[in-house]
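Descriptive analysis of the structure
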There are 2 protein chains.
Amino acid sequence: MHISQLQTPALIVDGAALEANLATMAAALPGPRLRPHVKAHKCTALARRQVAHGAGRFTLATVREVEGMAAAGMGEDLMLANEVADASRLGRVVETGARVTLAVDSEATIEAAAAGGVREVVIDINVGLPRCGAPPDQAGRLADLARARGLEVRGVMGYEGHVVGVEDRSARVAQIGPCMELLLSAHAQTGGELISAGGTGTYDINTWANEIQAGSYALMDTAYAKLELPFVQALHVLARVISVNDQWAVADCGLKSLGMDHGNPTVVGGSVWFCSDEHTTFSPDSKLKVGDRVKVIPAHVDPTVAYHEAMHIVDGEEVVETWPVDLRGW
Amino acid sequence: MHISQLQTPALIVDGAALEANLATMAAALPGPRLRPHVKAHKCTALARRQVAHGAGRFTLATVREVEGMAAAGMGEDLMLANEVADASRLGRVVETGARVTLAVDSEATIEAAAAGGVREVVIDINVGLPRCGAPPDQAGRLADLARARGLEVRGVMGYEGHVVGVEDRSARVAQIGPCMELLLSAHAQTGGELISAGGTGTYDINTWANEIQAGSYALMDTAYAKLELPFVQALHVLARVISVNDQWAVADCGLKSLGMDHGNPTVVGGSVWFCSDEHTTFSPDSKLKVGDRVKVIPAHVDPTVAYHEAMHIVDGEEVVETWPVDLRGW
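Note on numbering: residues in each chain are counted from 1, in written sequence order. As a convention, the first chain written is A and the first ligand written is 1, with the rest following in written order. Reporting of local features is limited, given that this is a predicted model, to residues whose pLDDT is at least 70; pairs of side-chain atoms are given and counted only at 80 or more, and all residues count toward the totals for whole chains, interfaces and linings.

1. Notes on the sheet that holds strand β8 (residues 211-212) of chain A
Residue and element names in this part refer to chain A. Applied cut-off: By definition, two strands form a pair when at least two bridges between them are found by DSSP. Going along the chain from the N terminus, every DSSP run of H or I of four or more residues is numbered as a helix, and every run of E of two or more is numbered as a strand.
Pairing within the open sheet is parallel, and its 7 strands lie in the order β2-β3-β4-β5-β6-β7-β8. Each end of this open sheet is capped by a strand with a single partner; those strands are β2 (57-60) and β8. Sheet analysis places strand β6 (residues 152-157) next to strand β7 (residues 194-197), joined by 3 bridges and oriented parallel. Residue pairing across strands places glycine 155 opposite leucine 194, the latter belonging to β7.

2. A closer look at helix α1 (residues 15-28) of chain B
Residue and element names in this part refer to chain B. Counted only if it meets this: Helix span, as expected, comes to 1.5 Å for every residue beyond the first. Burial is judged by counting the other C-beta atoms within 10 Å of a residue's own C-beta: 20 or more makes it buried, 12 or fewer makes it exposed, and any count in between marks it as partly exposed, with every C-beta position built from the backbone. Directions from the helix axis toward the C-beta atoms define the arc. By the convention adopted here, residues are in contact when the distance between their C-beta atoms, placed from the backbone, does not exceed 7 Å.
A rise of 1.5 Å per residue sets the reference length of α1, with its 14 residues, at 20 Å; its end C-alpha atoms lie 20 Å apart and thus fit the reference within 8%. Within α1, the full set of buried residues consists of Leu18, Asn21, Leu22 and Met25. Mapping the buried residues of α1 onto a view down its axis gives an arc of 95°, with all of them on the same face. With respect to the buried face of α1, the exposed residues turned more than 90 degrees away are Ala23 and Ala27. For α1, the elements touching its buried residues are β1 (10-14) and α2 (44-52).

3. Observations concerning the environment of A:Pro298
Residues and elements named next belong to chain A. Here proline 298 lies in the loop between β14 (293-297) and α9 (301-305). Taking the C-alpha atoms as reference points, proline 298 and threonine 222, separated by 76 residues in sequence, lie 7.1 Å from one another. Among residues more than four places away in sequence, those in contact with proline 298 are Asp221, Val237, Leu258, Gly259, Pro265 and Thr304.

4. A word on the relation of the copies chain A and chain B
One copy of the chain maps onto the other through a rotation about an axis plus a displacement along that axis. Stated formally: A least-squares fit on C-alpha atoms brings the copies together, and the residues used are those whose pLDDT is at least 70 in both copies.
In the superposition of chain A on chain B (RMSD 0.0 Å, axial shift 0.0 Å), the rotation amounts to 180°. Both copies of the chain, as the preceding transformation shows, are related through a two-fold rotation axis. A share of 100% of interface residues in chain A that are also interface residues in chain B marks the association as one of identical surfaces.

5. Some words on the environment of A:Leu151
Residue and element names in this part refer to chain A. Take leucine 151: it is sitting in the loop between α6 (139-148) and β6. A count of 20 C-beta atoms within 10 Å places leucine 151 in the buried class. With 111 residues separating them in the primary sequence, leucine 151 and histidine 262 have C-alpha atoms 39 Å apart. Ignoring sequence-local partners within four residues, the contact set of leucine 151 consists of Ile110, Ala113, Ala114, Arg119, Glu120, Val121 and Ala146.

6. Some words on the sheet that holds strand β6 (residues 152-157) of chain B
All names here are of chain B. In space, the 7 strands of this open sheet follow the order β2-β3-β4-β5-β6-β7-β8, with parallel pairing throughout. At either margin of the open sheet sits one strand with a lone partner, and together these are β2 (57-60) and β8 (211-212). Two elements, strand β4 (residues 100-104) and strand β5 (residues 120-124), share 4 bridges in a ladder whose sense is parallel. Bridged to leucine 102 within β5 is valine 121.

7. Examining the packing of helix α3 (residues 63-71) of chain A against helix α4 (residues 88-95) of chain A
Residue and element names in this part refer to chain A. Under the convention used in this document: A fitted line through C-alpha atoms represents every axis, and for helices the fit uses only the stretch in contact; the resulting angles, taken between N-to-C directions, go from 0 to 180 degrees. Any angle that falls under 35 degrees is termed roughly parallel, while one over 145 is termed roughly antiparallel, one within 65 to 115 roughly perpendicular, and all others oblique. Each crossing gets its hand from how the near helix is turned against the far one by less than a right angle, where anticlockwise is left-handed and clockwise is right-handed. The nonpolar class holds Ala, Val, Leu, Ile, Met, Phe, Trp, Tyr, Cys and Pro. Asp, Glu, Lys and Arg form the charged class, and all remaining residues, Gly among them, are polar.
Taken N-terminus to C-terminus, the directions of α3 and α4 make an angle of 15°; their axes are 10 Å apart at the nearest point. If you check the angle between α3 and α4, you find them roughly parallel. Considering how the two elements wind past one another, α3 and α4 form a crossing that is left-handed. On α4, the residues that touch Val63, Val66, Glu67 and Ala70 of α3 are Arg89, Leu90 and Val93. Broken down by class, the residue content of the contact of α3 with α4 amounts to 5 nonpolar, no polar and 2 charged.

This is how it looks when you write it as structure tokens:
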């Protein structure tokens, strides 16, 4: 099918760019050194391509992502890198034979894990990002608590989310060391085989962790594109011009098809004025007409993908596959 | 079911507040004076409540919304207040017996309407918002073109989207007149029974239009809440605390469950620091613990609703109904 037959707005993935990104990352972090983060694409078909490139373990952000990956037969080693208040649905996934490891950072989340039927945990450590994670000096106490509740403690995780996006590479390098020293100090208290951390922005400079939770590298977005990483923009939103005059044009994509937390998207061949629910108003560099296709690069990939039911894999202008974004919701 | 049994994040609608909003609007704009905009909720069950309050005609933003409303038996008078480059799916809806009126603003969109099997149109007029719509002085020419292509021209529409959100009421009043004079000048050229315009922010001051396309009034959001309208906040996102320390707490909702184009959400009982994909970090006003429920008011309702599969209608803390958000996608 030619892309002109797609209903717009549509999520388009350049198949060759995706494969190049997966291959580049697999070469840099072979096998278990990479634990790809599913939240970036929410798509079991894309995860299957990551498996084809050597991934066996995955990182996930929601219970539904865990359920979906297990149901799709990729439940070999699923780490929900997030705290949950009720782990009962995860316990049911464990009963199906999938391996589920849950992040815990408090007595309450340890209790939730045990009560919900989860068997394995990592102690989530705050390494500087003000979000989840226990203080490093609490790691040993929490590991002991978890073991006392019958849980296997596989080690630690600690996401340096405040560092992964720092544009200057030398600044990233300088900032990551102290974060990971905190994580190692926690690991010294907990033991376990896993020291899990990192993201696309630190995949090659985080040499402290023994597995990297990168996700954005597969599809990439404009924020990470500024970091001069060896990954290329693989995703865009295809839109169509629905109205045009001498000053501006309007494309049929907007706030409900684009993640907006990082700001406006980029229209290739134009300058964006603003987005409405189902419109993007922009000034085109050259004359456009109604029906013309427009390539729109979202400022943030993850919340963009979460708006779409499917992503279309293209080779040039030919749609070669359509993959459901089947891990949306919670 | 008690709300504590809901998987979080969850979209919660206060049933009494919704009913009050619908009743207030129906009293102000009875029967055909109101053409409620479905894009604000994307939910046929909510549209049914609008029918119960006297609505017969609806405004829509996407082809799928038209299809879904027709399939749900509410196809009496559906206006797609947006241009489309390919109207063939709308033609198929017309064939099922639904009444579909399509906005057109150019020769190309008139041609698309006719070729796609649409039978009725309104001429969309630019009244100041730089988006879709023809210049007012083109209205007569476009109406003639449409009639020559066999289309029934029902009149004009022109959305004063740059005025509806102006916080000061007297400024809104001052700005709307010139916009609507443009629309009336266009209508004088086209004829037809419809002069369709307006939104929640101008529902009572737009006395030029003979039908108002308001949508946000049903659920409301923080932007419109600043306008001192007689509609109350009926929607929030229910989240749970998953991590907490002496300085901040983390709730399990984020960029994938909240429309972010108007900025951060408001956490009732706290101050938001930032949102991540599945987290909101905030400083709570009083001590919280893991598992506590948190009420999060999105800054923009429409793109928030579009992330959710369902909305839960509550009476206090009791979930009385769950409505699928069944008009998502395109």
